[in-house]
Amino acid sequence: VQYKFPEGFWWGSATSATQIEGAANEAGKGKNIWDHWYEAEPNRFFNNVGPETTSNFYYQYKEDIQLMKEIGHNSFRLSISWSRLIPNGRGEVNPEAVTFYNNVIDELLANGIEPFVTLYHFDMPLEMQNIGGWENREVVDAYQAYALQAFQLFGDRVKKWFTFNEPIVPVEGGYLYDFHYPNIVDFKKAAQVAYHTVLAHAKAVQAFRGWNKDGDTKIGIVLNLTPSYPRSQNPFDLKAANICDLFFNRSFLDPAVLGEYPEELVEILREHGQLPNVEQGDLELMKENTVDILGVNYYQPRRVKAKEHLPNPYSPFMPEWFFDSYEMPGRKMNPYRGWEIYEKGIYDIMVNLKENYGNVESFISENGMGVQDEERFLQDGQIQDDYRIEFIEGHLQWLHKSIEEGCNVKGYHLWTFMDNWSWSNAYKNRYGFISVDIKTQQRTPKKSAYWFKNVATNNGF
Ligand code: BGP
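None of the values given here were measured: they were computed from a predicted structure.

1. Points about unusual backbone geometry
Okay, so step 1: Here the residue pair Y181 and P182 is connected by a cis peptide bond, since its omega of 10° sits within 30 degrees of zero.
Okay, so step 2: Here P182 lies in the loop between α8 (168–175) and α9 (187–211).
Okay, so step 3: Here the bond from W415 into T416 is cis, since omega is 20°, no more than 30 degrees from zero.
Okay, so step 4: Not every positive phi belongs to a glycine, and N183 is a case in point at roughly 55°.
Okay, so step 5: Note that N183 resides in the loop between α8 and α9.
Okay, so step 6: With a phi angle near 50°, D380 is a residue other than glycine that sits in the positive phi range.
Okay, so step 7: Counting through the fold element by element, D380 comes out in the loop between β12 (378–379) and β13 (382–383).
Okay, so step 8: Accessibility expressed as a C-beta count within 10 Å gives 5 for D380, which makes it exposed.

So this is what it looks like as structure tokens:
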């Protein structure tokens, strides 16, 4: 074994409720924004496939957990669906959901797999969205109550909690770039929504601290940290990359880990009249409720340069006023998904956490390679995904280097366990260790699944 990882390293994969459960309109679940958006505009979804047609984990979880065990997982991230547990977002708890999540957690533990549980993975209950979603402070309180409910129901067995997955994505998708419901394009609202999400996160941590008496139970957040690399070292490019980093990484990373917003970001928003409404006591609450652990989702970096033309000051305010993206010549691309592959990014993120964020305990909570039309790699009944093995290996080498240099990294989870439904892309890009035939719901491990089993078993490769 050339790359040996620290003892007790977490090996596994990540999923989310809406993407794997199915049974979207069954077993007492309330609607969330995805169910609603699909009903309203099915053609916004790849091949018109909606969230009711996912990978059927709700009914096949036992079989799936056996497969996890079979491929060497010692941990697994899933999310609780808020609208399954509390169909209206607040009020009555759905007893069938309690039974389901209890069964899943118990089944995982019985098979030696540690559950990592996310409370919110893009799936706002429709009733909460109908009163304004994250624009409305009432939803922040409803979320805190939901979080506390989950700790009380499952916290005797779940030791790793995550308040949000990639909280900036619903802000970008729902309020800036039109790829999530409610499809609003308005920076001021986006800023309010982002702020309320950070506040909801801090309030969930506060509820957790009040509830948790058991010292080895931890709480954190999962962020998609996307390094912004400047095109050159000239001061204009450097400034552009810095502002991009402030908007897309530090807007969540700093409050979650350090308990405060970066002053430079606050200044930019103030100067342009874009500050959200902040109530008395909020900032103190954030300061007091920082995370124990950080999940890092890493897919690809941003390549950033200074703007060539000044933005029209009468155009609506957008982060893109301050930088342009560019196609770096010679960069390595995933030919089957169109995203850049830059393995060293994972190392740069970890070094940054070590140097500027108190070396917070972290792990890779998602990293993975999406492939369109993956059946073309089917041979002798198995997907020969050597490209995925190479992808994981390349990232693990850099992760290993960061650990050797003292970064506090505790695990690696692939996105994702089995092929699943992904938001408006539905089943377009396949990411799983396990391929899923959507019609028959037949599961077949890919070549990478057995390769990963070896890595997990040897704690390295
Ligand atoms: C991440 C999300 C996942 C998953 C993944 C792949 O941002 O946390 O939920 O969707 O991206 O995305 P896609 O299927 O669009 O390639």
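2. Some details on α9
Okay, so step 1: Its 25 residues place the ends of α9 36 Å apart at the C-alpha level, agreeing with the 36 Å of an ideal helix rising 1.5 Å per residue.
Okay, so step 2: α9 sits mainly inside the fold: 19 of its 25 residues count as buried.

3. Some remarks on helix α2 (residues 33–40)
Okay, so step 1: Where α2 is concerned, the buried positions are I33, W34, D35, W37 and Y38.
Okay, so step 2: Structurally, α2 contributes buried residues whose contacts are with α1 (17–20) and α6 (126–129).

4. Notes on the site of the ligand
Okay, so step 1: Neighbouring the ligand are 13 residues; E166, G370, S422, N425 and N429 lie closest to it.
Okay, so step 2: By residue class, the composition of the shell around the ligand is three nonpolar, eight polar and two charged.

5. Things to note about the sheet that holds strand β9 (residues 324–325)
Okay, so step 1: In space, the three strands of this open sheet follow the order β6-β8-β9, with mixed pairing throughout. Edge strands, defined here as strands with exactly one partner in the open sheet, are β6 (228–230) and β9.
Okay, so step 2: By the bridge criterion, three bridges tie β6 to strand β8 (residues 302–305) in an arrangement that is parallel. In the sheet register, P230 faces β8, and the bridge partner there is V304.
Okay, so step 3: Packed onto the sheet, helix α10 (residues 235–258) meets β6 and β8 and runs at close to 175° relative to β6.

6. A word on the sheet that holds strand β7 (residues 293–297)
Okay, so step 1: Spatially, β1-β2-β3-β4-β5-β7-β10-β14 is the arrangement adopted by the eight strands of the closed barrel, whose pairing is parallel. The average angle at which neighbouring strand axes cross in this sheet is 25°, direction not considered.
Okay, so step 2: Inspection of the sheet shows strand β3 (residues 114–118) paired to strand β4 (residues 160–165) by three bridges, in the parallel sense. What sits directly across from F116, in β4, is K160.

7. Things to note about the UniProt feature "active site" (unreviewed entry) in the protein
Okay, so step 1: Mapped onto the present numbering, the UniProt feature "active site" (unreviewed entry) falls on E366.
Okay, so step 2: With respect to the helices and strands, the residue E366 is situated in strand β10 (residues 361–366).
Okay, so step 3: E366 gets classed as buried once you count the C-beta atoms within 10 Å, which come to 24.
Okay, so step 4: E366 has contacts with A14, N297, H413 and W415, leaving out every residue within four places of it along the chain.

Thresholds, definitions, all that
- Residues numbered from 1 in each chain as written.
- Predicted model: local features only at pLDDT ≥ 70, side-chain atom pairs only at ≥ 80, totals over all residues.
- Helix = DSSP H or I, 4+ residues; strand = E, 2+ residues; numbered from the N terminus.
- Buried ≥ 20, exposed ≤ 12 C-beta atoms within 10 Å, placed from the backbone.
- Expected span 1.5 Å × (residues − 1).
- Contact = placed C-beta atoms within 7 Å.
- Near = placed C-beta within 6 Å.
- Nonpolar A, V, L, I, M, F, W, Y, C, P; charged D, E, K, R; others polar.
- Pairing = 2+ DSSP bridges.
- Axes fitted to C-alpha atoms, helices over the stretch in contact; angles between N-to-C directions.
- UniProt positions renumbered as here; feature names shortened; annotations may be inferred.

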